[in-house]
Amino acid sequence: MTYINGGVCAAQGFKASGIHVGVKTHNTGKKDLALIVADNICNAAAVYTKNVVQAAPILVTKDHLKNGKARAVLVNSGNANACAPQGIENANKSCAALAVELGIDAADIIVASTGVIGQKLPVHVIEGGVPQLVQELSHTGSQDAASAIMTTDLAMKELAVEFEIGGKSVRIGGIAKGSGMIHPNMGTMLGFLTTDCTISSAMMQQALIHATNVSFNRVSVDGDTSTNDMLSLMASGLAGNDEITSDGADYQIFLAALCDICTEFAKMIAADGEGAEHLITCTVRGTKTEAEAEALSKSVISSTLTKAAIFGADANWGRVLCAMGYSGVEFDPAGVSIAFESAAGQIIVCEHGTGLNFDEGLAEKILKEHDVTIDITMDAGKAECTCWGCDITYEYIKINGDYRT
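Residues numbered from 1 in each chain as written. Predicted model: local features only at pLDDT ≥ 70, side-chain atom pairs only at ≥ 80, totals over all residues. Heavy atoms only, no water.

### Thoughts on unusual backbone geometry
Threshold: The helix and strand labels rest on DSSP assignments: H or I over at least four residues marks a helix, E over at least two residues marks a strand, and numbering proceeds from the N terminus. The cut-offs for exposure are 20% and 50% of the maximum accessible area for each residue type, with area from a 1.4 Å probe on protein chains only; residues under the lower value are buried, those over the upper are exposed, and the others partly exposed.
The backbone phi angle of N81 is positive, close to 50 degrees, even though this residue is not glycine. Along the polypeptide, N81 turns up in the loop between β4 (69-77) and α2 (87-102). Assessed through its relative accessible area of 1%, N81 is described here as buried. In this structure, A313 takes a positive phi of about 55 degrees despite not being glycine.

Okay, here's the thing in structure tokens:
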């Protein structure tokens, strides 16, 4: 498998665009409407937030994807269209405007929104901008689309991979956004993937759920699960491989590539957490089951006190052990060892549940690197898991203290 350029347009049969139409009223120069269109109808699948409060676009998309088919993705930033007046109506109006312009069925459109909750979506600006959005569709439009779905993101998130199935070159590409309100319980904040693999909707759904569970569901920025989280996948089938309709060697190749690209997106989102200065990777080894390792690791990267310690380059390993202790996993603290790692080196700070006399200067140097790893070794088994998060900073409070106003 090789990473390539092209993002969501890397796979055969897809175009994209992104423009400013005026949903973002305070950021008049920033793109706020994105479009991804397939040349032909695609098999499609998606996963969504498990938050009980779900945005109107999610409800509309769920209905549209009941048949496992889609032709286009329409996404606005700057307004979540969640708990908003006429939310369903406005999501449907957005789809209807695009359907007329493309000459397709509105039910073949995946629609998504991101931004402030509770405010009415200015659907008229979306309707007015659709003709230009369609006109600007391009096989090189991935970056425009990626830019248009950003809110507080500082880094654009765009990836693509190429691999072989049955002697045919297959590609998966995508764009994603996410920086705050990140503690997924389904998939990611917003992610839109495309592939030219020939694969059934049922197998796509199965693959997407698995890939989500080992990537986006192992990320936390601030412990908040969004009302708008969605991850979708469309398959054009133009790669020419034999259709994947069941588990087997070809499916496993596709699944491995999907998991890899989703994991990279997850790490990009964690690194771009609102106000973050550090990407935190936590690996737990030596548990009885992978589920236990995941629960322990995610508890550590979700710990506000641990995040604050990394921000301050303070090797306060007690906060790590404490977070493990309230994870819900039963374990013997005497079987836990903890080390901090980065490009500056490695230092063991706790062994068999007891603190060591370690070089505080070296520890500080290690924790001042952008990428910091918390390596936890246990003695209960052979399972392991890695999760990703970021530190919490003064800037996070500043961003979210006046996010709406």
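### Notes on the environment of M150
We count it as follows: Pairs of residues are marked as contacts when any of their non-hydrogen atoms sit within 4.5 Å.
You can see M150 is positioned in the loop between α4 (142-148) and β6 (157-165). Among the residues examined, M150 registers a relative accessible area of 13% and is labelled buried. Spatially, the C-alpha atom of M150 lies 9.8 Å from that of L33, the residues being 117 residues apart in sequence. Apart from residues lying up to four places away in sequence, M150 is in contact with K24, S77, A155, M156 and K177.

### A look at the pairing of strand β11 (residues 279-287)
Defined as follows: By the convention used here, strands pair only if DSSP detects at least 2 bridges between them.
Of all 9 residues making up β11, 8 are buried, and the element is well covered by its neighbours. The pairing of β11 with strand β15 (residues 371-377) spans 7 bridges and is classified as parallel. Across the sheet, residue T283 finds its bridge partner in β15, namely D375.

### Focus: the packing of helix α5 (residues 201-213) against helix α6 (residues 249-271)
We count it as follows: Note on geometry: axes are C-alpha line fits, over the in-contact stretch for helices, and angles between N-to-C directions span 0 to 180 degrees. With respect to orientation, any angle under 35 degrees is reported as roughly parallel, any angle over 145 as roughly antiparallel, any angle of 65 to 115 as roughly perpendicular, and every other angle as oblique. We call a crossing left-handed when the near helix sits turned anticlockwise from the far one by less than a right angle, and right-handed when that turn is clockwise. Each residue is assigned to one class: nonpolar for Ala, Val, Leu, Ile, Met, Phe, Trp, Tyr, Cys and Pro, charged for Asp, Glu, Lys and Arg, and polar for all the others, Gly among them.
Viewed as axis vectors pointing N to C, α5 and α6 meet at an angle of 40 degrees, and their least axial separation amounts to 9 Å. By the criterion of interaxial angle, the relationship of α5 to α6 is oblique. Taken as a pair, α5 and α6 cross one another with a handedness that is right-handed. Counted together, M203, Q206, A207, L208, H210 and A211 of α5 and Y251, F254, L255, L258, C259 and C262 of α6 form the full contact between these two elements. Of the residues in the contact of α5 with α6, the class split is 10 nonpolar, 2 polar and no charged.

### What to know about the side chain of S142
Within the secondary structure layout, S142 lies in helix α4. Leaving out residues up to four positions away in the same chain, S142 has contacts with G6, G7, V8, C9, A16, E158 and I175.

### With respect to the sheet that holds β15
Within the open sheet, the 7 strands sit side by side as β9-β16-β11-β15-β12-β13-β14. Their pairing is mixed. Taken across any chain shown, the strands that pair with only one partner, and hence form the sheet edges, are β9 (219-220) and β14 (354-355). Helix α7 (residues 290-302) rests against β9, β11, β15 and β16 (383-390) of the sheet, and its axis sits at about 20 degrees to β16.

### Remarks on empty space enclosed by the protein
One way to see where empty space is left: roll a probe the size of a water molecule over the atoms. Let me state the cut-off plainly: Only protein atoms enter the calculation, which uses a 1 Å grid: trapped sets of points that fit a 1.4 Å probe without letting it out are cavities, open sets showing protein on both sides within 12 Å along at least five of seven lines are pockets, and any residue with an atom within 4 Å of a point is a lining residue. Grid points are joined across faces, edges and corners, and a volume is the space filled by probe spheres set on the points.
One pass over the full model with this rule turns up 2 cavities of 30 Å³ or more. Considering only enclosed or pocket space, the largest cavity measures out at about 50 Å³ in volume. Forming the boundary of the largest cavity are 13 residues, of which N76, S94, V111, A112 and S113 lie nearest the centre. Within the residue set of the lining of the largest cavity, elements represented by two or more residues are β4, α2 and β5 (109-114). For the lining of the largest cavity, the class distribution of residues is 9 nonpolar, 4 polar and no charged. Its volume calculated, the second largest cavity comes out at about 40 Å³. Lining the second largest cavity are T306, A309, I310, D314, N316, R319, V320, F340 and I374. When contributions to the lining of the second largest cavity are tallied by element, the ones reaching two or more residues are α8 (304-311) and α9 (317-325). No other element matches α8, which puts 3 residues into the lining of the second largest cavity. The class makeup of the residues in the lining of the second largest cavity is 5 nonpolar, 2 polar and 2 charged.

### What to know about the environment of N228
Definition in use: Whenever two N or O atoms come within 3.5 Å, that pair is a polar contact, provided that in protein one can donate a hydrogen and the other can accept it, and provided that, for residues adjacent in sequence, both atoms are side-chain atoms.
For N228, the position within the fold is in the loop between β9 and β10 (230-235). Residues N228 and S113 lie 115 residues apart in sequence; the distance between their C-alpha atoms is 6.9 Å. Ignoring sequence-local partners within four residues, the contact set of N228 consists of T49, A55, I58, A80, A82, S113, T114, M189 and L190. A polar contact is formed between the side chain of N228 and the backbone oxygen of S113, at a distance of 2.8 Å.

### Examining the nonpolar core
As a rule of thumb, nonpolar side chains are buried together in soluble globular proteins. Under the convention used in this document: Among buried residues, the Ala, Val, Leu, Ile, Met, Phe, Trp, Tyr and Cys ones that are joined through side-chain atoms within 4.5 Å form a nonpolar core.
Membership of the largest hydrophobic core comes to 40 residues, with the highest contact counts inside it found for F254 and L258. Within the residue set of this core, elements represented by two or more residues are β3 (33-48), β6, β7 (168-177), α5, β10 and α6. Per-element tally for this core: the top contributor is α6, with 12 residues. Setting aside chain neighbours within four positions, we find L258 in contact with I172, L193, A207, L208 and A211. L296, L321, M378 and C387 belong to the second largest nonpolar core, which has 32 residues in total.

### Focus on the pattern of salt bridges
Where charged atoms from two side chains of opposite charge come close, those side chains can pair. Heads up, the rule is: A carboxyl oxygen of Asp or Glu within 4 Å of a side-chain nitrogen of Lys or Arg is what we treat as a salt bridge.
Applying the stated rule across the entire model yields 11 salt bridges. Two residues, K31 and D144, come together in a salt bridge whose shortest N-O distance is 4.0 Å. With K31 in the loop between β2 (14-19) and β3 and D144 in helix α4, the pair connects residues that are 113 residues apart, well separated along the chain. Taking relative accessible area as the criterion, K31 reaches 27% and is therefore assigned partly exposed. Between E290 and R218 there is a salt bridge, and its shortest N-O distance comes to 2.8 Å. Linking E290 in helix α7 with R218 in the loop between α5 and β9, this pair joins segments that are 72 residues apart in sequence. E290 sits in the partly exposed class, given a relative accessible area of 42%.

On their own, these measurements won't tell you what the molecule is for.
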